[in-house]
Structures are given as structure tokens and as C-alpha cells.
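# Structural overview for review
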Amino acid sequence: MTVTFFAPCPRGLEALLQDELEQLGAQAVVVTPGGVEFSGPFELCYKANLESRIASRVLWRVFHGRYRSEQDLYRAAYDLPWPDWFSPQDQGRSLRSIPRVHRLPPERGYPQAGPAH
């Protein structure tokens, strides 16, 4: 089974991490500021976590999509197949959500949010 992962790293080291992940067998590698997205089986995730000298960790992407409100995020999280991943017998596991928000560059004419009040 091929799934998508993201490996964050210190800025400036993305190209080195890309090479490292490709040598481990990563597919569909995409470099972004602050990390590298890649695909592969869970065995690759485990291997990257153990052997990468550059990635700070490896994150599993369980959802990707657009949202406009907090309710959209809640619905997306609610609809995920949690029982497939966790059961009441799973004690001691933790879960962390890391939403990524992309700002659109003002030099391309995109409107920017005003100051918070």
C-alpha cells in the first residue's frame, strides 16, 4: 500500500533530504520550503524515521483537501476512518494534528488578511 508522508527538516537542507529519501526508495518526491513530501509503503516511513540524518520526523498524511471554516476541518476529521487506526485496546497512543496553511503571495495580486483586532 502506497501512502503519502511529509518529512520536515531545517530550511536549506531540503535538497539533501530529497536525495536521502530517494536513496531509501521514496517515490513522488516533492520538495517544499521546510521539508519533503513523498510516497511509499509504511516500511519506508519506518526506515526514514530510523535512518534519516536530516528529517526531524516523518508525518503520515491522513487527509488533504480544502476548507473554509473550522466546521469544515471538524467534518473532515470526523469523517476519517479512526476505528481502522485505533481501538479502545490501544492504550498510550497519541495523536497530533499539524495543519499547514499556505499564504498566497501579494505580488501576484492576491488579497491579504488585515491586522487582527
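Quick look at the structure, then.

Rules used in this analysis
Residues numbered from 1 in each chain as written. Predicted model: local features only at pLDDT ≥ 70, side-chain atom pairs only at ≥ 80, totals over all residues. Heavy atoms only, no water. Phe/Tyr/Trp six-rings, centres within 6.5 Å; stacked < 30°, edge-to-face > 60°. Helix = DSSP H or I, 4+ residues; strand = E, 2+ residues; numbered from the N terminus. Buried < 20%, exposed > 50% of the residue type's maximum accessible area, 1.4 Å probe, protein only. Contact = heavy atoms within 4.5 Å. Axes fitted to C-alpha atoms, helices over the stretch in contact; angles between N-to-C directions. Parallel < 35°, antiparallel > 145°, perpendicular 65-115°, else oblique. Left-handed = near helix turned anticlockwise from the far one by under 90°. Nonpolar A, V, L, I, M, F, W, Y, C, P; charged D, E, K, R; others polar.

## Focus: the packing of aromatic side chains
- Applying the stated criterion across every chain yields a total of seven aromatic pairs.
- With a centroid separation of 5.0 Å and 70 degrees between ring planes, the pair formed by Trp60 and Trp85 is classed as edge-to-face. On the criterion of sequence distance, the pair formed by Trp60 in strand β4 (residues 59-60) and Trp85 in helix α4 (residues 82-85) is long-range, its members being 25 residues apart.
- Given a relative accessible area of 33%, Trp60 falls into the partly exposed group.
- Given a relative accessible area of 22%, Trp85 falls into the partly exposed group.
- Through pairs of rings, three or more aromatic residues link up here, namely Phe5, Phe38, Phe42, Tyr46, Trp60, Trp82 and Trp85.

## Some details on the environment of Val3
- Tracing the chain through its elements places Val3 in strand β1 (residues 3-8).
- As a C-alpha pair, Val3 and Gln27 span 24 residues in sequence and 10.0 Å in three-dimensional space.
- Not counting residues within four places of it along the chain, the set of residues in contact with Val3 comprises Phe38, Ser39, Gly40, Phe42 and Trp60.

## Considering the packing of helix α1 (residues 14-24) against helix α2 (residues 42-51)
- Two elements in contact, α1 and α2, have axes whose closest approach is 10 Å; the angle formed by their N-to-C orientations is 130 degrees. In terms of axis orientation, α1 runs oblique to α2. α2 is crossed by α1, and the crossing has right-handed handedness. Residues Glu20, Leu21 and Leu24 of α1 pack against Leu44, Lys47, Ala48 and Glu51 of α2.
- Tallied by class, the residues present in the contact of α1 with α2 amount to four nonpolar, no polar and three charged.

## Quick look at the environment of Phe6
- Checked against the element boundaries, Phe6 lands in strand β1.
- A relative accessible area of 13% means that Phe6 is categorised as buried.

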